[in-house]
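# A closer look at the structure
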Amino acid sequence: MEKKIKVLIAKPGLDGHDRGAKVIARGLKEAGMEVVYTGLRQTPEQIVRSAVQEDVDVIGLSILSGAHTYLFPEIMKRLKDANRDDIAVIAGGIIPEDDHTELKELGIKAVFQPGTPISDIVDFIKNEVN
Amino acid sequence: MSDEKLKKTEKDWEENKYGKTVNRFGERKDEFKSDSGRTIKPLYTPLDLENIDYEESINYPGQYPFTRGVYPTMYRSKFWTMRQYAGFGNAKETNQRFRYLLDQGQTGLSVAFDLPTQIGYDSDHPLARGEVGKVGVAIDTLADMEVLFDQIPLDEVSTSMTINAPASILLAMYMVVAEKQGVNPDKLAGTIQNDILKEYIARGTYIFPPEPSLRIITDIFDYCSKEMPRWNTISISGYHIREAGSDAIQELAFTIADGIEYVQAAVDIGMDVDQFAPRLSFFFNAQMDLFEEIAKFRAARRLWAEVMEERFNAKKDKSKMLRFHTQTAGSALTAQQPMNNIMRVTLQALSAVLGGTQSLHTNSYDEALGLPTEDSVKIALRTQQVLAHETGAADTIDPMAGSYYVESLTDKFVKEAKEYIDKIDELGGMAKAIEAGFVQREIQESAYQTQKKVENKEKVVVGVNKFTEEESKKAENLLKVNPEVEKHQINGLKKIKEKRDDSKVNKALQKVKIAAQSEDKNLMYPIIEAVKEYATIGEISDVLRDEYGEYKAQYI
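Residues numbered from 1 in each chain as written. Chains lettered and ligands numbered in written order. Predicted model: local features only at pLDDT ≥ 70, side-chain atom pairs only at ≥ 80, totals over all residues.

## Focus: the interface of chain B and chain A
Interface size is commonly expressed as the accessible area that is lost once the parts come together. Every contact between the two is made by 33 residues of chain B and, on the other side, 27 residues of chain A. Elements that contribute at least two residues to the side of chain B that touches chain A include exactly helix H4 (115–118) and helix H18 (438–455) of chain B. Per-element tally for the side of chain B that touches chain A: the top contributor is H18 of chain B, with five residues. Each residue belonging to the side of chain B that touches chain A can be placed in one class, and the counts come to 17 nonpolar, nine polar and seven charged. (Contact = placed C-beta atoms within 7 Å. Helix = DSSP H or I, 4+ residues; strand = E, 2+ residues; numbered from the N terminus. Nonpolar A, V, L, I, M, F, W, Y, C, P; charged D, E, K, R; others polar.)

Given below as structure tokens:
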């Protein structure tokens, strides 16, 4: 049997909006992936620790607060420090387009806007991991 | 026409006119469903109102059960308050935005605080990094509040503050700023959100566990009933429950159930229901299904009136009146073809007006992309002004009353929400139902089903899953919070800490601690004293954290 793709869905920072995170988590599960949801208010350290401990293939960061400009670079740096920058990182939420290039330069593979069908995210992840 | 005759003519129409045509040509879809998934009949007639007694269930505006509105004249004497939620960066910038909005004809203020403020962390706390000034204004001490309301006469405007876990602290600061302007607390009008239960369910800015949180809330009820009689002590919010994915009936049921829990908590500590209930207020969402939304607002008034009379034996009419604020649905805004959001907001706002809202926030069309620009905020406000001044929607009271469809929906909403409330009662009330994860599960399920409906196109969202376009234009001029805000805010905080008298601060914090330990003391009084000494939000919250511990969410 093919190994299941494992995804960590994480809520960095103090943002409390997790409708999107939970819907995506369930959608990915139904698409056959193994999904761990961190819950709210995760620091970059906590997210990277969970990702390493759980040995995930993908981290999905959900943020609507605008704090991504600080938090995402922190997460990417810590992943590198942990020698786990092989883990694919994707992001979604309210992330202004102006910031997308910068985030991609950090190594974030994709930034999904509100309204993205889950199937698009599933396809992207499968492509990325395989 | 007698009911018997009507039944016959309706059946006749159904079989011979409607049925025949459907048989020949079919309809657009096999099944018509409302946004909350209820089947919609092709036609509503007087027969749908057969079991609704006008005086008992609808009645006149300003009369129990207030289905047609809480006031006898509604918008004929005064429009709803146009209240745009705003706040970003530091107090000075937000003060400028407030003054701009007031200049544009806005009639009330609504403060958005940043997340560290909402969770009781100072701007220099490690967890505040990257968050300062982002989703709202950063407030650390009274000094920030003084700047925030500079040159805004607090005896003339009403101010709503979206603050929950640390609501007592922000209320105390507002009061002290007013005092410095020479305005007594009994002259102040406004609202604190102060609704912790929906934070556990949907919004996420909780600090303490439910029990001490309810105590903090009832202390505020008690304090305001004595000192701030014009202040709305809570805004019991369905808005965020809906944003988290609930349907309209769940929004209604869970909000009223939250209200029941708060009233019960206050009654349990010996307060007289008529002493505090007149100052409870509510906050609902306005989504896309126009008629369901109107019905929801009307049903909410009737349901609350019945709860207050039957369950809590309230005597005063004012205790039974559900007054509410409405905000259009953030989750209905699309990132694709964002200009379409202007129409969405207009229709949502119309539902709120036809539903008899007391105040309204209309979203800006670019909010799925980032923070709104001054121009998009202006269009949102103008939308309300057009509704108020050009459409006639505000010229007669409750114009949708008597619509066979809307009245039948209103009645159905009351009944279905009651069934939910019965279930919550069986679980031991809302706090217990939240602990058991019941409410969260119901909402998550609805959220997921909604997403599935969008993906399989059962639910059409223009520009997202139908009539799509290759996006050519990027959003322009989105508001950017100055990245220097955090640094400046932390410097400002440092300066305040140097200037204040630390021994006085410590003494004041000690008094907060003593009050927190003793159930028969009201926390508001020592918090006001601490605020006056420029104790920070973080310091006061930490005292309470030490006493009460922190809430840990369970994820299902």
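Now, onward.
## Digging into the environment of Thr45 of chain B
Residues and elements named next belong to chain B. Locating Thr45 in the fold gives a position in the loop between helix H1 (3–25) and helix H2 (54–58). Using a count of 17 C-beta atoms within 10 Å as the deciding quantity, one classes Thr45 as partly exposed. When the C-alpha positions of Thr45 and Lys7 are compared, they lie 9.7 Å apart, and in sequence the two are 38 residues distant. Dropping the residues within four chain positions of it, Thr45 is found in contact with Glu10 and Tyr404. (Buried ≥ 20, exposed ≤ 12 C-beta atoms within 10 Å, placed from the backbone.)

## Describing the nonpolar core
Ranked by size, the top nonpolar core spans 191 residues in total, and within it Val7 of chain A together with Ile256, Ala300, Ala417, Val512, Ile527 and Ile540 of chain B carry the most contacts. Sort the elements by how many residues they give to this core and helix H10 (residues 248–268) of chain B lands first, with 12 residues. (Core = buried A, V, L, I, M, F, W, Y, C linked by C-beta atoms within 7 Å.)

## A look at the pairing of strand S9 (residues 324–328) of chain B
Residues and elements named next belong to chain B. For S9, the buried fraction is high: five of the five residues fall into the buried class. One ladder, built from five bridges, connects strand S8 (residues 280–286) with S9; its direction is parallel. Each residue of the ladder has a partner; that of Phe282, found in S9, is Phe324. Where S9 and strand S10 (residues 359–361) come together, three bridges link them in parallel fashion. Following the sheet pairing, His325 is matched in S10 by Ser359. Each parallel crossover has a hand, and the one from S9 via helix H14 (residues 340–354) to S10 is right-handed. (Pairing = 2+ DSSP bridges. Right-handed = clockwise from strand over helix to strand, strands pointing away.)

## Regarding helix H8 (residues 210–227) of chain B
The terminal C-alpha atoms of H8 of chain B lie 26 Å apart, and with 18 residues this matches the ideal 26 Å at 1.5 Å per residue to within 8%. Those residues of H8 of chain B lying buried are Ser213, Leu214, Ile216, Ile217, Thr218, Asp219, Ile220, Phe221, Asp222, Tyr223, Cys224 and Ser225 of chain B. (Expected span 1.5 Å × (residues − 1).)

## Side note on the environment of Lys513 of chain B
Residue and element names in this part refer to chain B. As for its placement among the helices and strands, Lys513 is situated in helix H20 (residues 502–517). Here Lys513 falls in the partly exposed class, since 16 other C-beta atoms lie within 10 Å of it. Separated by 31 residues in sequence, Lys513 and Leu544 place their C-alpha atoms 7.0 Å apart. Non-local contacts of Lys513, meaning those with residues more than four positions away in its chain, are made with Val543 and Glu547.

Keep in mind these values describe shape, not function.
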